Structure formats: C-alpha cells, structure tokens
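# Analysis of the macromolecular model
The primary structure of each chain is shown beneath.
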There are 2 protein chains.
Amino acid sequence: MAAEFSRRTETLLDQAAAICEQRGANLTELRRTVLGMILDAAAPTGAYELLDRLRQTRRGAAPPTVYRTLDFLLEHGLVHRVERLSAFVGCVAGCTVDPDGESHTHAAQFLICRTCGRVVEMQDHDVSAVLARAAKEAGFSISNATIEAEGLCSTCRTARRANG
Amino acid sequence: MAAEFSRRTETLLDQAAAICEQRGANLTELRRTVLGMILDAAAPTGAYELLDRLRQTRRGAAPPTVYRTLDFLLEHGLVHRVERLSAFVGCVAGCTVDPDGESHTHAAQFLICRTCGRVVEMQDHDVSAVLARAAKEAGFSISNATIEAEGLCSTCRTARRANG
DNA sequence: CGAGGCTATGTAATACTATAACATAGGAGG
DNA sequence: CCTCCTATGTTATAGTATTACATAGCCTCG
C-alpha cells in the first residue's frame, strides 16, 4: 500500500515521523504519502496534482482530502506553501523538534528559479532580522513573513551562459 | 462617467497619468477607474470585488476586463499584487518616472495587519540588499522578490493594549 | 479613400484553487 | 456498551484566473 519513494525521501519521512511522534501528532499513511510525494518532487507541487496522484491508489480522494492533509503538514512545519506558485514544497531545513511541541512556522525564504522551476529554501537569519527591524521602525510587529524571490539558479545561469 | 474619488486618490491618479504619458502608455478611462478604486480602498481589493464595482457603471464588465486592466497596472508599477491575499494595492512609493520608460517592479515590502487588514508598503533598501546578498551566496540571482509580513500595526497594537 | 494592422475592450466558456457542510469509521477510555 | 475524538469520505459550492474568439476604433500607408 505504501508508496515507493527515493531513498532520500524515505529518510526525510522517517525524520518527520520522529518529529510527529515526539509531538504526539499522528503521521497517518495518508499524510505520509502526501508528504512523500511533495518531498520526492523536483519542484513545488500543486494541490490538485497531489490529488491526481493520490487517486491512483485511493479511490475516495477529493480536494478536502488533500487540503486537510496539507493543513496538517503545514501546521507541523513539514511543508511550506509557496504563495507565488500556489504550490507546496517540503521543508528540509531546521525542521527540528520543538521542546514545547507547538506548531511553529520557520522564518524561511525561497528562491524560485524561473527557468527550471526548482525552489531552494534558505533560512537566513539576517534577512529575517533586517525585515523585522525595518517593520519595527514602521511600528509593526511581525508574526510571520513570506519571502519569495524569483530569479535564476546557478545551474541555469551557467547553462544559459554556455548557450550564448 | 468618470467615477468620483477622494482628493488624495485624484492626485495620485494625475501622477499616474503623467507617468503613463511619459512612457507612451495609455491610461484609458477603464484603467483609470480601476486604479482609482484600488487607490481609494483602505485595504487590498480583490479582482472580483473590483469587477462588482465596475459593473455598477459598465455593463459588459467580465473577469478579463479586470484582469487585463490589472496586468496593465502591474506592468507599469502602479499597483502591486499581495500574494497572501490574492488582492491588489496601489503603489504609492517610488512610482517615479523611469527615464528609459521601461516597466520596472519595485523592490517593495508589505506589512499586512491581521487585525485591521490594512497594508503598508515599505521600500527598505537594506531588506532588499540583504536578501540579494543571501541569495547570491546560494548562487542565485534575483530578478524580483515578494516580501510580505503579517502582524500587528501600531494602531491595532495600541488598541489591543487598551482593551487589556 | 480603403485595406491592413494595432490597441483596447467585449463576450462566452472554462480551468484552477480552495472551502463548507455534513456523513462515516474506528479507536480510547469511562 | 456508549461516548467522545480524530481522521477521512462525500457532495457541493465558492473564489480566483485564463483561454479563445469577436468587435470596435484608430492610425497609417499606399
């Protein structure tokens, strides 16, 4: 029943399972499957693409199936939503177990390559700190931020240069 | 025929008209009306809300009417899209005339108050610079970035404190 | 003038993204 | 056993955005 994923994905899934267990959260087979599909993908995955894939093995899958699962994964910081793409990526950085077991959103930044569509997650503290400072100067206290940059990744830039 | 807007909005519209003229862009009555509706609103406005309002005076208005108009306004930097809200705000900062007349996207940051829904636009160079530097370290060159922070504006924080 | 091309808008249909509301199933614990 | 709670199933609908083709006005070039 369980889907087959890459070795790397399976490792990340095991980590996710450990995190969930520590928090008393239930990483069900459905949730594990969806997380695996997201982690296994080269680029961000849309909710309806996840749905299509789910349906190959799960007859009753419907939009709420996917969105509820995504809510769970988001809540536990196992995936992120990329607003620009209305799509989801796995969280591979800093998804450590919180002592308090509380849900927490990481202060992450995303670099989206407009050529290959891949997304790189950064967790640059300076970026968060400078944004927080600038906001504070405007009298604003930030609870969470979306930072998504579009551009060219090193691979694609090299390739472009090669092609003239 | 032309809608009535606040004095402030009319001023901004005149500036927008000047910018368009300088660029050889055509700020038609439709575009001016939509821009005015966005500028006049206290909070970001959704495309279908704009459509509803348009229909009050324009019989044939349909989704493409609004989206095409928004495309024009976005292209000329007269409005921004707030990804988190799927809504649009007027650009009031740094929307100066470029000598080259090219479309340009500002490096803007948005502060969204989760209580009152208002959005403040910042143009903090440090934020852009630090993000660009961090991206560069990851081998990434940014062409444009979305930075949206959610939190509490000073007004709402004060009000909350007053209420205990 | 009149043909052709260009920009802006009209019009109809549809695709894509997300949520609401209610139903069912199965385990944990009194 | 019954009840509560979590997870999922099921149906319907809301909200956001685009495609494709039609029309209308304007400009200009011959």
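Okay, so let's go over this structure.

In the vicinity of DNA strand C lie 21 residues, with Pro63 of chain A together with Asn26, Thr28, Leu30 and Gly60 of chain B positioned nearest. Among the secondary structure elements, those contributing two or more residues to the surface near DNA strand C are helix 3 (47-55) and helix 4 (63-75) of chain A together with helix 2 (29-40) and helix 4 (63-75) of chain B. Per-element accounting of the surface near DNA strand C gives the leading share, 5 residues, to helix 4 of chain B. Grouping the amino acids of the surface near DNA strand C by side-chain chemistry returns 10 nonpolar, 7 polar and 4 charged.

The subject of this paragraph is the pairing of strand 3 (residues 87-90) of chain A. Residue and element names in this part refer to chain A. The side-chain alternation of strand 3 yields two buried faces, one formed by Ala87 and Val89 and the other by Phe88 and Gly90. Two strands pair when backbone bridges link them, and strand 1 (residues 45-46) and strand 3 are joined in this way by 2 bridges, in the antiparallel orientation. Bridge pairing links Thr45 to Phe88 in strand 3. Examined bridge by bridge, strand 2 (residues 79-82) and strand 3 share 4 bridges and lie antiparallel to one another. Within the sheet, the bridge partner assigned to Val79 lies in strand 3 and is Gly90.

A separate point is the sheet that holds strand 3 (residues 87-90) of chain B. Residue and element names in this part refer to chain B. Here 3 strands make up an open sheet; going across it, the order is 1-3-2 and the pairing antiparallel. Each of the sheet's edge strands pairs with one partner strand only, and the pair in question is strand 1 (45-46) and strand 2 (79-82). Contacts from helix 2 reach strand 1, strand 2 and strand 3, with the element oriented near 90° to strand 3.

Turning our eyes to something else, we now look at the interface of chain B and chain A. Reports of interface size often rely on the accessible area that becomes lost once the parts have come together. Contact residues are listed per partner, giving 31 residues for chain B and 31 residues for chain A. Elements with a contribution of two residues or more to the side of chain B that touches chain A: strand 4 (109-113), strand 5 (119-122), helix 5 (125-137), strand 6 (141-152) and helix 6 (154-162) of chain B. With 12 residues, the top contributor of residues to the side of chain B that touches chain A is strand 6 of chain B. In terms of residue class, the side of chain B that touches chain A is built from 16 nonpolar, 8 polar and 7 charged.

All names here are of chain B. Within the secondary structure layout, Leu73 lies in helix 4. Judged by the 24 C-beta atoms lying within 10 Å of it, Leu73 is buried. C-alpha of Leu73 to C-alpha of Arg31: the two residues are 42 residues apart in sequence and 7.6 Å apart in space. For Leu73, the contacting residues outside a window of four places in its chain are Arg31, Val34, Leu35, Leu78 and Val79.

Another aspect to go through is the environment of Tyr48 of chain B. Residue and element names in this part refer to chain B. You can see Tyr48 is positioned in helix 3 (residues 47-55). Residue Tyr48 is classed as exposed on the basis of its C-beta count, with 11 C-beta atoms lying within 10 Å. Taking the C-alpha atoms as reference, Tyr48 lies 9.4 Å from Tyr67; in sequence the two are 19 residues apart.

The next subject is the pairing of strand 5 of chain B. Residue and element names in this part refer to chain B. Sheet topology note: the strand 4/strand 5 ladder contains 4 bridges and is antiparallel. From the neighbouring strand, Gln109 faces strand 5, where its bridge partner is Met122. What sits between strand 4 and strand 5 in their antiparallel hairpin is a turn of 5 residues, with Gly117 showing a positive phi close to 80°.

This part is about helix 5 of chain B. Between its first and last C-alpha, helix 5 of chain B extends 18 Å over 13 residues, near the 18 Å set by a 1.5 Å rise per residue. Buried within helix 5 of chain B are the following residues: Val127, Leu131, Ala134 and Ala135 of chain B. Down the axis of helix 5 of chain B, the buried side of the element spans an arc of 100°, and every buried residue falls inside it. Set apart from the buried face of helix 5 of chain B by more than 90 degrees, the exposed residues are His125, Asp126, Ala129, Arg133 and Glu137 of chain B. Where helix 5 of chain B is buried, its residues touch strand 4 (109-113), strand 5 (119-122), helix 5 (125-137) and strand 6 (141-152) of chain A together with strand 4 and strand 6 of chain B.

Before going further, it helps to examine the protein's contact with DNA strand D. Close to DNA strand D lie 21 residues, the nearest being Asn26, Thr28, Leu30 and Gly60 of chain A together with Pro63 of chain B. Those elements that provide at least two residues to the surface near DNA strand D are helix 2 (29-40) and helix 4 of chain A together with helix 3 and helix 4 of chain B. Looking at the surface near DNA strand D residue by residue, the classes come out as 10 nonpolar, 7 polar and 4 charged.

Turning chain B through 179° and shifting it by 0.0 Å along the axis lays it on chain A, with an RMSD of 0.1 Å. The superposition of one copy onto the other is thereby described by a two-fold rotation axis. For chain B, the minimum C-alpha distance to the rotation axis belongs to Ile147 of chain B and amounts to 2.3 Å. A shared interface surface links the copies, since 100% of the contact residues of chain B are contact residues in chain A too.

Analysis parameters
Residues numbered from 1 in each chain as written. Chains lettered and ligands numbered in written order. Predicted model: local features only at pLDDT ≥ 70, side-chain atom pairs only at ≥ 80, totals over all residues. Near = placed C-beta within 6 Å. Helix = DSSP H or I, 4+ residues; strand = E, 2+ residues; numbered from the N terminus. Nonpolar A, V, L, I, M, F, W, Y, C, P; charged D, E, K, R; others polar. Buried ≥ 20, exposed ≤ 12 C-beta atoms within 10 Å, placed from the backbone. Pairing = 2+ DSSP bridges. Contact = placed C-beta atoms within 7 Å. Axes fitted to C-alpha atoms, helices over the stretch in contact; angles between N-to-C directions. Expected span 1.5 Å × (residues − 1). Arc of directions from axis to C-beta. Least-squares fit on C-alpha atoms with pLDDT ≥ 70 in both.

Keep in mind these values describe shape, not function.
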